[in-house]
Amino acid sequence: MSIGINLRVTGHTSIGGRKYQEDYFSVAYQQTENDQSLEYAFFGIYDGHGGAEASFFAKEHLMNTIVSQKLFWSDNDDDVLKAIREGYIQTHYAMWREQDKWPKTSSGLPSTAGTTASVAFIRQGKIYVGHVGDSGIVLGYQKDKEKGDESSKWAATPLTEDHKPESYAEKMRIMNCGGKVVSKSGVPRVVWNRPRIGHKGPVRRKTQVSYIRNGWSVECSVT
């Protein structure tokens, strides 16, 4: 699928009924050295929960971490996807290192802020996608005109598959990582555990833990 570089972009966020915005989007591009074409165009969506810190951190750092990977500039699709995945992982660990600086919960516990992160790069006529969570990316395209019909019809196809805890594959991944899925008001929720505040020393079977809502996996694709 060939994609031209004539791009028009519209973005919008809504705070809804919340007191503060937890969600962000980002759009960026880099031109070639002669300014005649694009090296890439970038689009990202970050749907935060539990606070705005994680979504804002992803907005500020994820793209730059990805494009700083040497493999991102490869002409091989698999290399580019590896770079995107590695960028996600490095951003995740960098976020962990920042967590202590974020506002604590109302009960004085460390922040439980988290975020989805769905991104798309347009590069060399292809769309490279990476995502965690359930912010979907959909490609709209114009179908070929049918015989006898002069009007152009539009269609849509999803480029991502939501990471939902009700999905069997996602539920198994969560459980294999030590988390679990529970129902809250009839809605499946992801929880993971950590030693309770004040615990010191090794974590043993009898260690008291707190259950926290969060968790993600990384998927990448190219169109």
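Coordinates for the structure precede this section.
First things first, this report covers the structure right here in the doc. (Residues numbered from 1 in each chain as written. Predicted model: local features only at pLDDT ≥ 70, side-chain atom pairs only at ≥ 80, totals over all residues. Heavy atoms only, no water.)

1. Regarding the side chain of Ser 135
1) Next: Tracing the chain through its elements places Ser 135 in the loop between strand 5 (126-132) and strand 6 (138-142).
2) Next: On the basis of relative accessible area, Ser 135 is assigned to the buried category, the value being 10%.
3) Next: Separated by 2.7 Å, the side chains of Ser 135 and Thr 116 make a polar contact. (Helix = DSSP H or I, 4+ residues; strand = E, 2+ residues; numbered from the N terminus. Buried < 20%, exposed > 50% of the residue type's maximum accessible area, 1.4 Å probe, protein only. Polar contact = N/O pair within 3.5 Å; in protein donor to acceptor, adjacent residues only side chain to side chain.)

2. Regarding the side chain of Thr 116
1) Next: Its location among the elements puts Thr 116 in the loop between strand 3 (114-115) and strand 4 (117-123).
2) Next: Judged by relative accessible area, which is 6%, Thr 116 ranks as buried.
3) Next: In terms of polar contacts, Thr 116 uses its side chain to reach the backbone amide nitrogen of Asp 47, at 3.0 Å.
4) Next: Among all residues touching Thr 116, those that are not within four sequence positions of it are Ile 45, Tyr 46, Asp 47, Val 132, Gly 133, Asp 134 and Ser 135. (Contact = heavy atoms within 4.5 Å.)

3. A few points about the pattern of salt bridges
1) Next: Enumeration according to the criterion identifies 6 salt bridges in this entry.
2) Next: Residue Glu 22 pairs with Arg 18 through a salt bridge whose shortest N-O separation is 3.5 Å.
3) Next: Overall, Glu 22 belongs to the buried group, its relative accessible area being 2%.
4) Next: The exposure class of Arg 18 is exposed, given its relative accessible area of 53%.
5) Next: In this structure, Arg 173 engages Glu 170 in a salt bridge whose closest nitrogen and oxygen atoms are separated by 2.9 Å. (Salt bridge = Lys/Arg side-chain N within 4 Å of Asp/Glu carboxyl O.)

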